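Commentary on secondary and tertiary structure
Listed below, chain by chain, are the residues.
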Amino acid sequence: MSLSPVSIPPPSAEPAPLFNERNYLVAERGWRSWLTTLDHKRIGMIYLVLTLVAFLLGGIYAMVIRVELLTPGPTIIEAVTYNKAFTLHGVIMILLFMIPAIPGIFGNFFIPLMIGARDVAFPRLNLLSVYLYLAGMLIAIFGMIHGGADTGWTFYTPYSTTTITKVWPILLGGFILGMGSIVTGLNFIVTIHTLRAPGITWMKMPLFIWSAYATSVIQVLATPVLGITLLLVAVENVFGFGVFDPARGGDPVLFQHLFWFYSHPAVYIMILPAMGVISEVIQAFSRKNVFGYRAVALSSLGIAFVGFFTWGHHLFTSGQSAVDAGVFGVLTMFVGIFTAIKVFNWTATLYRGSISFQTPFAYVVAFLFFLVFGGMTGIALATVALDVHWQDTYFVVAHFHFIMVGGTITGFLGAIHYWWPKMTGKMYSEKWGLIAATFIFLGFNFTFVPQFLLGNAGMPRRYYSYPERFWPLNVASTAGASVLALGFVIILVYLLLSLKYGKPAGPNPWGSRGYEWQTLSPPPVENFESQPTYPRPPHDYDDANPAKEFH
Amino acid sequence: MSAPEHASHKHGPGRYVAVWAALLVFTALTVGLGRIHLAGGWSIVIAMVIATVKASLVVLFFMHMKEHGGASRLVLATTLVFVALLMGLVLLDNATRFPLANPPTEATLPLMPPGPDATLPAAVPARAAH
Ligand SMILES: [Cu+2]
């Protein structure tokens, strides 16, 4: 596990004035300067490399699962290996990729740039969060090599406290990753409160900042509960405590309460940053300031708040009381209100905008489709009587992949395509960008739409084999997953190629009026050559005068 | 979020020693309480009250919440709301559940050793199953 920034070779010396030679990437040289860096931009880049490694690993497990399910019986692996594969797929994708990716990479890189700050409030804590992430990752990978848990990423008791596979290293890894997540959230909260440049009032903050703020609040409030719960399972597994054991007065359903008290809000830790990205991109590529700034900004806090009142919808068939189930079913639907506020406002932003359908915008469109489709199936699942039919079927799998994975991945890909020119100073191939976006969109739908149908027909999740009547849809799903994987490979290839062969981007290739574009590409170590001023709100396109463009 | 000036860091160590002593007394009280068995679940109620008092002492004095105002108190209040939320809806579940779906209590499982000091060895058979 090397931390050296392999994906970021020092840019070749080009005479083009469009590329800032005095940038943060080459300000210091050598791997030691990266391992000890306090620069939020470099820390963002380290997160980029690490989370991509995690994504690759989780993606390999995903493909193993899909290939195994290509035929009804045993295909390539044994049943217990299959159980480990879906466990590790979930653990890696959720804890190592979707939760840390957008805040870790783009939050770190762009929050200070968007609020005109020199760095985050606690640069050393920021570096610590990287090492916590790395430690959690290494311990979790150690646990995967030595044994590997087969409990599913949810670690439900009593199975997780009695399984013969080794769960404690992965639980410990999750605990440490949680600490890193709390540290990042705390850092962002203090940064946003205290380091905004003069002129950036709360109601002039870029919308990405609002969603990062709401995300951070969830991270700080919810993650400790997960940490304690994982530790309780670990000690119960290793030392035989009785917290979740009914024979000693414990309650396995208590585990589910505690687990989902974190893990439902965790969905918003994943999706809120993606929503922030979408808010930025949609303004830049429709050249309109957002419709209803206040509503979009405050609905982030609304989602964060109501997101805490819904966890019991995971327990509808677990022995939870009917009263509690009804309460949670109704509370869950409130999330739909705040999400709908965002969706309607984004749509209204597009109305009569001057839309340029470039790669980042393609991901906005995909995001809206996945969010609405995934969200509506979520409302259906929150209906207790329907959930009794769908609980633990592929319908649930397809639903949460649409909302969490579809939403977060398209937000992530939108972000990387929108901000890549700022982060690296290089442009990628627009043609390949759109081709890959098409692959991602089609591949994703071909993977998960069949799973909705499978689940509705009664195929349970996490099963190693299935009856032959489910065969055709499973083949379709695996074929879709292959297209999806190909899309990711194409993206990786052209992004890496752009580092060497890409055209210099210039400070603002999109003509965006987001605050972060007011500096050179890539930015200097100090972020700005001189302190920018903020007389206008972000993404103010009302005045078409080109002199108002940055640079 | 202007950090409120807690200028009065003048009070010496005496205050902290007093709080520390109080914490020790309460700990001893909890241990003592664990040795005697009060009927009707009063042991757990009293133990929880003592724990709450101790936590409050730590928050007020060691974590300086007494001297801080504004934002810090707001943060504390927010966290308490969420703790109440977690406890409240979990307890609502247990309170409204089909009784036999609840974990055994002293009433439903008289064979279980009651009280918080039931030590592990007595309960090991449940674990020995695997
Ligand atoms: Cu949920």
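Quick caveat: nothing in here was measured; it's all calculated off a predicted structure.

Side note on the overall build of chain B
Within chain B one finds four helices and zero strands. Along the chain direction, N to C, the helices and strands of chain B fall in the order α-α-α-α. Summing over all exposed atoms, chain B offers an accessible surface of approximately 8900 Å²; the carbon and sulfur share of this is 76%.

Side note on the interface of chain A and chain B
The accessible area lost on association of the parts is a frequent measure of interface size. Opposite the 33 residues of chain A that make contact, chain B presents 21 residues. Summing both partners gives a buried area of about 2200 Å² for chain A against chain B, and 72% of it is carried by carbon and sulfur. When the buried area of chain A at its contact with chain B is split by residue, L221(A), R248(A) and S321(A) rank highest and sum to 21% of it. Counting the contacts that link chain A with chain B gives one salt bridge. Here R97(B) and D251(A) are joined by a salt bridge, their closest N and O atoms 3.2 Å apart. Scanning the region where chain A abuts chain B turns up five residue pairs in polar contact (both at pLDDT 80 or more). Contributing elements (two or more residues each) for the side of chain A that touches chain B: helix 6 (159–162), helix 8 (207–239), helix 9 (252–286) and helix 11 (322–350) of chain A. Looking at the side of chain A that touches chain B residue by residue, the classes come out as 17 nonpolar, eleven polar and five charged.

Section: the domain arrangement of chain B
Residues and elements named next belong to chain B. The domain boundaries assigned to chain B delineate domain 1 (13–67) and domain 2 (68–104). Each of domain 1 and domain 2 was reduced to a C-alpha centroid, and the two centroids are 20 Å apart. The interface of domain 1 with domain 2 comprises five residues on the first partner and five residues on the second. Here domain 1 and domain 2 share an interface that buries about 420 Å² over both sides, 64% of which is from carbon and sulfur atoms. Counting across the domain 1 and domain 2 interface gives four residue pairs in polar contact (both at pLDDT 80 or more). The class makeup of the residues in the side of domain 1 that touches domain 2 is two nonpolar, one polar and two charged.

Here we look at the coordination of the copper ion
A metal bound by six donors in octahedral fashion has ideal angles of 90 or 180 degrees, whereas one bound by four tetrahedral donors has an ideal angle of 109.5 degrees. All names here are of chain A. Summarising the metal site, the copper ion is bound by the protein donors H264 (ND1), H313 (NE2) and H314 (NE2), whose distances to it range over 1.7 to 2.0 Å. Site description for the copper ion: donor spacing in sequence, H-x48-H-H. Judged by its relative accessible area of 13%, H313 falls in the buried class.

Brief notes about the packing of aromatic side chains
Residues and elements named next belong to chain A. The tally for this structure, following the rule as stated, stands at 49 aromatic pairs over all chains. Considering the side-chain rings of F261 and W311, the 5.2 Å spacing of their centres and the 75 degrees angle between planes classify their relative orientation as edge-to-face. With F261 in helix 9 and W311 in the loop between helix 10 (293–306) and helix 11, this pair connects stretches of sequence that are 50 residues apart. The exposure class assigned to F261 is buried, which follows from its relative accessible area of 2%. With a relative accessible area of 0%, W311 lands in the buried category. Residues F285 and W510 carry aromatic rings whose centres are separated by 5.2 Å and whose planes lie at 55 degrees to one another, so their mutual orientation is tilted. Highlighted residues: F285 in helix 9 and W510 in the segment after helix 16 (471–501), separated in sequence by 225 residues. An identical accessibility class is assigned to F285 and W510; each is buried.

Focus: the environment of F334(A)
Inspection of the secondary structure puts F334(A) in helix 11. Sequence separation between F334(A) and F309(A) is 25 residues; the distance between their C-alpha atoms is 9.2 Å.

Focus: the pattern of salt bridges
Residues and elements named next belong to chain A. For the structure on display, the rule yields eight salt bridges over all chains. Among the ionic pairs, K41 bridges to D39, the shortest N-O distance being 3.1 Å. Of the two residues, K41 and D39, neither departs from the other in class, the shared state being buried.

Thresholds applied
For every chain, the first residue of the written sequence is number 1, and numbering continues from 1 along that sequence. Just so you know, chain letters begin at A and ligand numbers begin at 1, following the order they were written in. Totals for whole chains, interfaces and linings use all residues, but because this is a predicted model, local features are given only for residues with pLDDT of at least 70 and pairs of side-chain atoms are given and counted only at 80 or more. In computing side-chain values, all of the structure's heavy atoms are included and hydrogens and water are not. Put simply, DSSP H or I for four residues or longer makes a helix, DSSP E for two residues or longer makes a strand, and each gets a number counted from the N terminus. Each accessible area value is a Shrake-Rupley result obtained with a 1.4 Å probe; residue values ignore everything except the protein chains displayed when judging cover. Throughout, a contact is declared for two residues whenever any of their heavy atoms are within 4.5 Å. Accessible-area loss on putting two parts together, using a 1.4 Å probe and summing over both, is the definition of buried area adopted here. A carboxyl oxygen of Asp or Glu within 4 Å of a side-chain nitrogen of Lys or Arg is what we treat as a salt bridge. In protein, a polar contact requires one atom able to donate a hydrogen and another able to accept it; more generally it is a pair of N or O atoms within 3.5 Å, and residues adjacent in sequence count only if both atoms are side-chain atoms. Note on residue classes: Ala, Val, Leu, Ile, Met, Phe, Trp, Tyr, Cys and Pro are nonpolar, Asp, Glu, Lys and Arg are charged, and everything else, Gly too, is polar. Domains are outlined according to an automatic or database domain assignment. Each metal site is built from N, O and S donor atoms within 2.8 Å (3.2 Å for Na, K and Ca), and since water is not included, such sites may look incomplete. Between buried and exposed lies partly exposed: a residue is buried under 20% and exposed over 50% of the maximum accessible area for its type, with that area taken using a 1.4 Å probe on protein chains only. Classification of ring pairs rests on two measures: the distance between centres of Phe, Tyr or Trp rings, Trp counted by its six-membered ring, which must be within 6.5 Å, and the angle between planes, read as stacked under 30 degrees, edge-to-face over 60 and tilted in between.

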